[in-house]
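Single-letter residue listing:
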Amino acid sequence: TQKANRDFFTFQQNNFVEEEGPMDLISLHYFQELSKDLNMTKTAERLYISQQTLSNHIQRLEQYYNAPLFYRKPSLSLTCAGEFVLGFAQVMEKEERNLKDILSDIERQERGTLRVGASTVRSIQLLPQILPDFHKKYPRVSVSYEDGRAFQLEKKILNGELDFAIAFSKEYHPDLIEHEFLQDPVYLCVPEGLLQQYYSPEEIQAVKARATEDVGLEDFARLPFSMMDTRLGRLLQERFKRAGIRPNVFFTSPSSSQIMPLCAMGVTACFATHMALLSHLDQLGTGVNIFPLLEGNGPMTQSLSLLRHRQRYLTHFSKYFMELLFETTARMEQVQIAHIV
């Protein structure tokens, strides 16, 4: 690191590649990448360039703008000028990408890269349903997927690092357009054997009778649960709290792919959305009770949205991806799930 800093801080005129002239996009790109890592060695390795090359590009920017873009001590960080140049670089990158996409559409090349962000769970549920048809129509367009939570994906769209993000509906930055496309109902899944272990036959009969109208969490307070460490998990924990219940949480995970097998084996009860259940119905088999959760006058749901930047040009293949997403989730919403064993 010390050597990397010395390389960065030493201005070597004899190694400078070009004389001062119009700014180029590659220098701005390297500057953006260094702003992410704030580490010369790491950025150079990630970009497959030498530290000297990276240093020369940063030097070129600092000379061009006649301002230091990084503080050198105690560690590498952006100066006030650097923050403004970073914002400019992000705008330039988005505009340059827009221009490429516009020209590609004009020439009907139908090639490029679509960058999509989502949580791991949502990507598993949706992308395998969409990508085969997308690839069939646009074989020369590659899809780049990035895992992340809503706040991370929102930032990446604003920075121009993503084209689309699939996230929960909420108030987002005014520069983003939000297309709400799915109301995903939430269910409580309880293995029949687990009910019999903790409740008498009379209690089970009464619980099932009430559960056709609504699930009272107090009716299942004795059961061990698997909970998701996600937004949904936090909402359900709050619902337990309002009911005055401290649930017996045996297992916690951010993924339904780890929780559902425990439910299928009769170890714990769990919560799942409609989409998650569609992915795991074969695994659950017929020995699991599926109770709908209600909230207010209707089912408890999670609203999913597609996010995109307001100023981002929509290519033909981007529009087709949106069309496939909306059609796919509309079909999935129509699939009925048997509620009670």
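Remember, predicted model here, so these are calculated numbers, not experimental data. (Residues numbered from 1 in each chain as written. Predicted model: local features only at pLDDT ≥ 70, side-chain atom pairs only at ≥ 80, totals over all residues. Heavy atoms only, no water.)

Engineer: Now, about a nonpolar patch on the surface: what can you tell me, with residues and values included?
Structural biologist: On the surface, a cluster of nonpolar side chains totalling about 320 Å² of accessible area is made up of Phe250, Met265 and Val267. A relative accessible area of 54% places Phe250 in the exposed class. (Patch = residues over 30% accessible without salt bridge, like charges linked within 9 Å, V, L, I, M, F, W, Y side chains within 5 Å. Areas by Shrake-Rupley, 256 points an atom, 1.4 Å probe, with all protein chains shown as cover. Salt bridge = Lys/Arg side-chain N within 4 Å of Asp/Glu carboxyl O. Buried < 20%, exposed > 50% of the residue type's maximum accessible area, 1.4 Å probe, protein only.)

Engineer: Tell me about the packing of helix α6 (residues 120-137) against helix α13 (residues 316-334), residues and numbers included.
Structural biologist: Axis separation between α6 and α13 bottoms out at 9 Å; the angle between their running directions is 135°. Classified by the angle their axes make, α6 and α13 are oblique. Considering only the axes of α6 and α13, their crossing is right-handed. Facing α6, whose interface residues are Gln125, Leu126, Leu127, Gln129, Ile130, Leu131, Asp133, Phe134 and Lys137, α13 presents Phe317, Tyr320, Phe321, Leu324, Leu325, Thr328, Thr329 and Met332. Residues belonging to the contact of α6 with α13 are distributed by class as follows: eleven nonpolar, four polar and two charged. (Axes fitted to C-alpha atoms, helices over the stretch in contact; angles between N-to-C directions. Helix = DSSP H or I, 4+ residues; strand = E, 2+ residues; numbered from the N terminus. Parallel < 35°, antiparallel > 145°, perpendicular 65-115°, else oblique. Left-handed = near helix turned anticlockwise from the far one by under 90°. Contact = heavy atoms within 4.5 Å. Nonpolar A, V, L, I, M, F, W, Y, C, P; charged D, E, K, R; others polar.)

Engineer: Account for the pairing of strand β7 (residues 224-228), naming residues and giving values.
Structural biologist: Counting buried residues along β7, five of its five residues qualify, which places the element largely inside the surrounding structure. Side-chain alternation along β7 places Pro224, Ser226 and Met228 on one buried face and Phe225 and Met227 on a second face that is also buried. Crossover β7 to strand β8 (residues 248-253) through helix α10 (residues 231-242) is right-handed. Summarising the sheet, β7 and strand β9 (residues 269-273) pair through two bridges and their orientation is parallel. Bridge assignment links Ser226 to a residue of β9, and that residue is Cys270. (Right-handed = clockwise from strand over helix to strand, strands pointing away. Pairing = 2+ DSSP bridges.)

Engineer: How would you explain the pairing of strand β13 (residues 301-309) if you had to name every residue and give the values?
Structural biologist: β13 sits mainly inside the fold: eight of its nine residues count as buried. Here four bridges tie strand β5 (residues 164-168) to β13, and the two strands are oriented antiparallel to one another. Considered in β13, the bridge of Ile166 is made with Leu306. Two elements, strand β6 (residues 176-191) and β13, share nine bridges in a ladder whose sense is antiparallel. Paired with Leu182 across the bridge in β13 is Leu304.

Engineer: Let's hear about the layout of surface pockets: which residues, and what values?
Structural biologist: Where empty space is left in the structure can be found by rolling a water-sized probe over the atoms. If you add up the space inside the largest pocket, you get close to 610 Å³. A per-element tally of the lining of the largest pocket places α6 first, with four residues. Counted as a void, the second largest pocket has a volume near 450 Å³. Elements with a contribution of two residues or more to the lining of the second largest pocket: α2 (25-37), α5 (80-107) and β3 (112-118). No other element matches the eight residues that α5 contributes to the lining of the second largest pocket. Classifying every residue of the lining of the second largest pocket by side-chain character gives four nonpolar, six polar and ten charged. (1 Å grid on protein atoms, 1.4 Å probe; cavity = no way out; pocket = protein on both sides within 12 Å on 5 of 7 lines; lining within 4 Å. Points joined across faces, edges and corners; volume = space filled by probe spheres on them.)

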